[in-house]
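Chain by chain, the residues:
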Amino acid sequence: MDISGLLSGVAVIAEKNIRIYYNKPPVFIFGLLFPLFLFIAFYIGRSMDMQTFLPGFLAMTLFFTASSVGPLITPWEKRDRTFERLLSYPVTLEIILLGDTVAGALFGLIITAIIIAGTVILLKVSVAVPLVWCVATLLGAITFASLGALLASPASETPSNIMMLSSLVRFPLIFISGIFVPLSSLGGVGLYLATLSPLTYLVDIFSFGMHGYSVFNPVTDCIVLLAWTVALLVVSRTVQRRNLTKGL
Amino acid sequence: MSSAAIRGDALTKRFNSFLAVNDISIAVNEGEFFGFLGPNGAGKTTTIRLLTGILPPDSGSVEIAGINLSSHPLMAKMLMGVIPEHSTIYGDLTPVQNLNLVGKFYRMGARERDERIQELIPRLGLSEHRDRQVRVFSKGMKQRISIGCAILHRPRVLFLDEPTEGLDVQSRRLIVDIMRELQAEGTTIFLTTHNIEEASTLCQRVAIINRGSLVAVERPEVLKQTFETSKSVRVSFSRDVPAGFLENEDVSRITETGDKFILYTANPDAVVKEVVRRADREGLTITSLQISGPSLEEVFVHLTGGN
């Protein structure tokens, strides 16, 4: 396997995506405005404790930002007729998929890092295990960027359709993942549903980093997120390969 | 015998129950200008996608300069430049940014990219537009950048799928000139086109595909010679001629196009002599007279089952 070719291809694809897609309106709306408005809607006027709310808010921000770039890229490229040309360059479908994931992950990392720095410095929140937050942010960015890549896989060359589909998938997840109701307060069906969502495990790691305790073991959280990442990428590859000819 | 720059062996591709490409084998020699013709829906674009690694074949294999495309896709693609049929370049970027991006895909260093871009931008007639976003460009200008993206890394093999389709005369000429220059420098060119005249004048060999299968692979002139019976004499006069004036036992069919008559015959020498004799007798001035062999278009129509 040509590792240098793979890495170089992933880097160029990611650079292309950053240059072209970061400033597209859907990324701004679905990646930045949505989590901001949700935060305002749930936080303002409810006298919630920031220490309790922050892990969920950070996880939600990372979830939305990291998964907002991926769904846009492939439909946009197919619509603009650049996708076929991209496939003719010295890259493979897997390299394109990884490049899209890296671009999404970097977007999530940058925005979340800014918010973390802002909250820690301005609001003076205390973080029990800062290193865990770093690992959580990195891992969460990759997992949800992979989700973004999967959401781009259906055979559509209409970005708005894909963005609608991605909202349909992402919105329910934030309500079952312990963001607005802390995981420790969930029980029965609520907790069962929460375990099905990858976002739950990110919220849990952020909670551990902030308070020093969590519902699940942090190592388990990391393993589950890694497993989700691999599964999302494998399914994305399969679906994209199947839909390769559609929209060329 | 020269080595094959492109070798497709027993390529087959189905889309559900539709057989798009049926057991096609093609070998294009190093440095050859190869034309690929066929009616709409014959399988041209699918074949070119299989040969360039854009689509995987259901069966069969492709080698580019001896490198298997399936097992070493990155190495094989490094040797290619491709201009897909409908594909374009990034509208959000300028010509220079597009070319730079492509250079990075081909792992060209910054200096090498810069030098090559400085060389290509004026050659493509884009000096005044080098830093404007491509989205505002005309189709011809976009196609020039598209060509630039395909040849930036000096590929050994260049695939062009309908590169001059719908372009203005200047852009078409520029692209044809560039193709000729590249071939003179030793680049192997695989050209898909609807423009049969273009294929006839540019290509050393042509392949004709119909309903997913190859029906001919030959030099254009050799193909034409296989259809000797469709030789013709084209003649025009300074004024109208009476009905039946050109009828002759050596002429199998007469068609009138504009101010010209086309007389189909197996014996053009006899027909020309007779036409000149009759025109002289009637005091007619012959404004043009030409003997034509069968055109590649006629061969194409015959082989693809057209009328």
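So, how was this worked out
For every chain, the first residue of its written sequence is number 1, and the numbers climb from 1 along that sequence. The naming scheme follows written order: chains are lettered A onward, ligands numbered 1 onward. Confidence filtering applies because this is a predicted model: local features only for residues at pLDDT of at least 70, side-chain atom pairs given and counted only at 80 or more, and all residues used for totals across whole chains, interfaces and linings. Hydrogens are left out, water is left out, and the side-chain values use all remaining heavy atoms of the structure. For the purposes of this entry, the term helix denotes a DSSP run of H or I that reaches at least four residues, the term strand denotes a run of E that reaches at least two, and both are numbered from the N terminus. Here the term buried applies to any residue with accessible area under 20% of the maximum for its type, exposed to any over 50%, and partly exposed to those in between, with areas from a 1.4 Å probe on protein chains only. Contacts are assigned to residue pairs that have any heavy atoms within 4.5 Å of one another. For the area figures, the Shrake-Rupley method with a 1.4 Å probe applies, and any residue is considered shielded solely by the protein chains shown. Counting rule for charge: Lys and Arg are taken as positive, Asp and Glu as negative, and neither His nor the chain ends is counted. Note on charges: their place is set at NZ of Lys, CZ of Arg, CG of Asp or CD of Glu. Any N or O atom pair separated by 3.5 Å or less is treated as a polar contact, with the protein-specific requirement of one donor-capable and one acceptor-capable atom, and with residues adjacent in sequence counted only for side-chain atom pairs. Each axis is a line fitted through C-alpha atoms, and for a helix only the stretch in contact is used; angles between axes span 0 to 180 degrees, taken between their N-to-C directions. Note on terminology: angles under 35 degrees are roughly parallel, angles over 145 are roughly antiparallel, angles of 65 to 115 are roughly perpendicular, and the others are oblique. For any helix crossing, the convention is left-handed if the near helix is rotated counterclockwise from the far helix by under a right angle, and right-handed if that rotation is clockwise. In this count, Pro and Cys sit with the nonpolar residues alongside Ala, Val, Leu, Ile, Met, Phe, Trp and Tyr, while Asp, Glu, Lys and Arg are called charged and the others, Gly among them, polar. Within 6.5 Å between ring centres, the rings of Phe, Tyr and Trp (the latter by its six-membered ring) count as paired, and their orientation is classed by plane angle as stacked under 30 degrees, edge-to-face over 60, tilted in between. Throughout this description, the term charge over a ring refers to an Arg CZ or Lys NZ atom that lies within 6 Å of the ring centre and within 35 degrees of the ring normal. Helix span is expected to be 1.5 Å times the residue number reduced by one. Values of pLDDT, ranging from 0 to 100, describe the predictor's confidence in every residue of the model. Whether two strands pair depends on DSSP finding at least two bridges between them. Criterion for a salt bridge: a side-chain nitrogen of Lys or Arg within 4 Å of a carboxyl oxygen of Asp or Glu.

A short note on the overall build of chain B
- Within chain B, the secondary structure is distributed over 10 helices and 14 strands.
- Reported as C-alpha extents along the three principal axes, the dimensions of chain B are approximately 75 × 45 × 40 Å.
- Counting only residues that meet the buried cut, chain B has 52% of its 307 residues in that class.
- Intrachain contacts of chain B at a sequence separation of at least 6 include 69% that bridge at least 24 residues.
- When the accessible area of chain B is evaluated, it comes to approximately 14,200 Å², of which 46% is carbon and sulfur surface.
- The average position of the 36 basic charges and that of the 38 acidic charges among the side chains of chain B differ by 5 Å.

Considerations on the side chain of Thr 119 of chain A
Residue and element names in this part refer to chain A.
- Inspection of the secondary structure assignment puts Thr 119 in helix α5 (residues 93-122).
- One polar contact links the side chain of Thr 119 to the main-chain carbonyl oxygen of Ile 116, over a distance of 3.0 Å.
- Non-local contacts of Thr 119, meaning those with residues more than four positions away in its chain, are made with Leu 54, Lys 124 and Val 125.

Here's the deal with the packing of helix α6 (residues 130-151) of chain A against helix α10 (residues 218-242) of chain A
All names here are of chain A.
- In the contact formed by α6 and α10, the axes pass within 8 Å of each other and the chain directions differ by 20°. Considering their axes alone, α6 and α10 lie roughly parallel with respect to each other. For α6 against α10, the interelement crossing comes out left-handed. Across the interface between the two elements, Val 135, Leu 139, Ile 142, Thr 143, Ser 146, Leu 147, Ala 149 and Leu 150 of α6 pack against Cys 222, Leu 225, Leu 226, Trp 228, Thr 229, Leu 232, Leu 233, Val 235, Ser 236 and Gln 240 of α10.
- In terms of residue class, the contact of α6 with α10 is made up of 13 nonpolar, five polar and no charged.

A short note on the packing of aromatic side chains
- In this structure the tally under the stated criterion is 18 aromatic pairs over all chains.
- For the pair Phe 30 of chain A and Phe 34 of chain A, a centre-to-centre distance of 5.1 Å together with 45° between the ring planes defines the contact as tilted. Of this pair, Phe 30 of chain A and Phe 34 of chain A both sit in helix α2 (residues 25-43), four residues apart, which is roughly one turn of the helix.
- Arranged with centres 6.5 Å apart and planes meeting at 55°, the rings of Phe 237 of chain B and Phe 261 of chain B form a pair that is tilted. Linking Phe 237 of chain B in strand β11 (residues 232-237) with Phe 261 of chain B in strand β13 (residues 260-265), this pair joins segments that are 24 residues apart in sequence.
- Cluster of aromatic residues (ring-pair linked, three or more members): Phe 30, Phe 34, Phe 63, Phe 64, Phe 144 and Phe 171 of chain A.
- Above the ring of Trp 76 of chain A, the side-chain terminus of Arg 79 of chain A is found at 4.4 Å from the ring centroid.
- The ring of Tyr 264 of chain B carries the charged tip of Arg 253 of chain B above its face, separated from the ring centre by 4.1 Å.

Considering helix α6 (residues 169-184) of chain B
All names here are of chain B.
- With 16 residues, α6 should cover 22 Å at 1.5 Å per step; its first-to-last C-alpha distance of 22 Å lies within 8% of that length.
- Turning to α6, its buried residues are Ser 171, Leu 174, Ile 175, Val 176, Ile 178, Met 179 and Leu 182.
- Near the N-terminus of α6, the side chain that reaches the backbone nitrogen of Gln 170, with its oxygen 3.2 Å away, is that of Asp 168.
- Count one or two residues on from α6 and you reach Gly 186, which has phi positive near 105°.

Some details on the confidence of the model for chain A
- The predicted model of chain A has a mean per-residue pLDDT of 89, with 99% of residues at 70 or higher.
- When mean pLDDT is taken per element in chain A, α10 of chain A scores highest with 95 and α2 of chain A scores lowest with 83.

Points about the pairing of β13 of chain B
All names here are of chain B.
- Burial analysis of β13 places five of its six residues in the buried class, which makes it a mostly covered element.
- Alignment of β11 against β13, held across five bridges, turns out to be antiparallel. Paired with Arg 234 across the bridge in β13 is Ile 262.
- Where strand β12 (residues 251-257) and β13 come together, six bridges link them in antiparallel fashion. Each residue of the ladder has a partner; that of Ile 254, found in β13, is Leu 263.
- Where β12 folds back on β13, the antiparallel hairpin that results is connected by two residues, among which Gly 258 adopts a positive phi of roughly 65°.

Observations concerning the pattern of salt bridges
All names here are of chain B.
- Under the counting rule described, the total for this entry stands at 21 salt bridges over all chains.
- In this structure, Lys 13 engages Asp 58 in a salt bridge whose closest nitrogen and oxygen atoms are separated by 3.7 Å. With a gap of 45 residues between them, Lys 13 in strand β1 (residues 4-15) and Asp 58 in the loop between α1 (44-51) and β4 (59-64) connect regions that are remote in the sequence.
- Exposure remark for Lys 13: the relative accessible area of 9% places this residue in the buried category.
- Where Arg 154 meets Glu 119, a salt bridge forms, and the shortest distance between an N and an O atom there is 3.3 Å.

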